[in-house]
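Reading the structure
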Amino acid sequence: MSITDIPLTTLAGQPTSLADYADRAVLVVNVASKCGLTPQYSALEKLAQDYADRGLTVIGVPCNQFMGQEPGTPEEIQTFCSTNYGVTFPLLAKTEVNGDGRDALYTELTKTADADGTAGDVQWNFEKFLIAPGGTVVNRFRPTTVPDAPEVIAAIEAVLPS
């Protein structure tokens, strides 16, 4: 099964998959509202806005596995993101990224190694995975790498379809 075939659910409860974005570069980020890294939402939204016309989609994946830092309901998460950070990019349903309940999306994503050659579990909130058009996972950036870091921008620009 390709990563684009994995069934996903939007934060609003609608079925979706990465196939909807198969012709775009996609930055998948596990997010949380009550984390010290939560201000990364601002840079993620800026990326989403700045690169949308060039073929990038940012997708946020709320996750409550790290010290319970995403405890809200879907409505609370959506309101928090839009009110505090102006988030307009798609958000998926709350998802487990590690452990026995790991979502199939993250089973695939975590096979990708970071810049140090390390694959495996997501370390914390705001870990980023870049998927090239067509569905190949091409980069992994650990949580403290900010979305607008030069290496993230360079990786995105290298896989943009237009």
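Calculation criteria
- Here the residue numbering is sequential within each chain, running from 1 through the sequence in written order.
- Local features in this predicted model are restricted to residues whose pLDDT is 70 or higher, and side-chain atom pairs enter the listing and the counts only when it is 80 or higher, whereas totals over whole chains, interfaces and linings include all residues.
- Values shown for side chains rest on all heavy atoms present in the structure; no hydrogens or waters enter the calculation.
- UniProt positions are given in the numbering used here, feature names are shortened, and annotations may be inferred rather than shown by experiment.
- Salt-bridge detection follows one rule: a side-chain nitrogen of Lys or Arg within 4 Å of a carboxyl oxygen of Asp or Glu.
- Working definition: helices are DSSP H or I runs of at least four residues, strands are E runs of at least two. Numbering for both runs from the N terminus.
- Think of it in three bands: with a 1.4 Å probe and only protein chains considered, a residue is buried below 20% of the maximum accessible area for its type, exposed above 50%, and partly exposed in between.
- When DSSP locates at least two bridges between a pair of strands, those strands are taken to pair.
- Axis definition: a line fitted to C-alpha atoms, limited for helices to the stretch in contact. Angles are taken between N-to-C directions and run from 0 to 180 degrees.
- Contact definition: two residues touch when any of their heavy atoms are within 4.5 Å.

The name given to the protein chain in an unreviewed UniProt entry is Glutathione peroxidase, and the organism recorded there is Mycolicibacter acidiphilus. One UniProt comment on the protein chain, placed under Sequence similarities (unreviewed entry), says "Belongs to the glutathione peroxidase family."

Overall, the coordinates contain seven salt bridges when judged by the stated rule. Put simply, Asp121 and Arg102 hold a salt bridge, and the shortest N to O gap is 2.7 Å. Of this pair, Asp121 sits in the loop between helix 3 (104-109) and strand 5 (128-131) while Arg102 sits in the loop between helix 2 (74-85) and helix 3, and the two are 19 residues apart along the sequence. Asp121 gets classed as partly exposed once you look at its relative accessible area, which sits at 44%. We note a salt bridge from Asp114 to Arg142, for which the minimum N-O separation is 2.7 Å. On the criterion of sequence distance, the pair formed by Asp114 in the loop between helix 3 and strand 5 and Arg142 in the loop between strand 6 (137-141) and helix 4 (150-159) is long-range, its members being 28 residues apart.

Before going further, it helps to spend a moment on unusual backbone geometry. In this structure, Met67 is a non-glycine residue whose phi angle is positive, near 55°. For Met67, a relative accessible area of 69% corresponds to the exposed category. Non-glycine residue Phe126 carries a positive phi angle of around 70°. Note that Phe126 resides in the loop between helix 3 and strand 5.

A few words on the sheet that holds strand 4 (residues 56-62). In space, the four strands of this open sheet follow the order 4-3-5-6, with mixed pairing throughout. Of all strands in the sheet, those bounded by a partner on one side alone are strand 4 and strand 6. Ignoring strand direction, the axes of neighbouring strands in this sheet form an average angle of 20°. Note that strand 5 and strand 6 share four bridges and pair antiparallel. What sits directly across from Ile131, in strand 6, is Val137. The sheet contacts of helix 4 involve strand 3 (25-31), strand 4, strand 5 and strand 6, and relative to strand 6 the element is tilted by about 170°.

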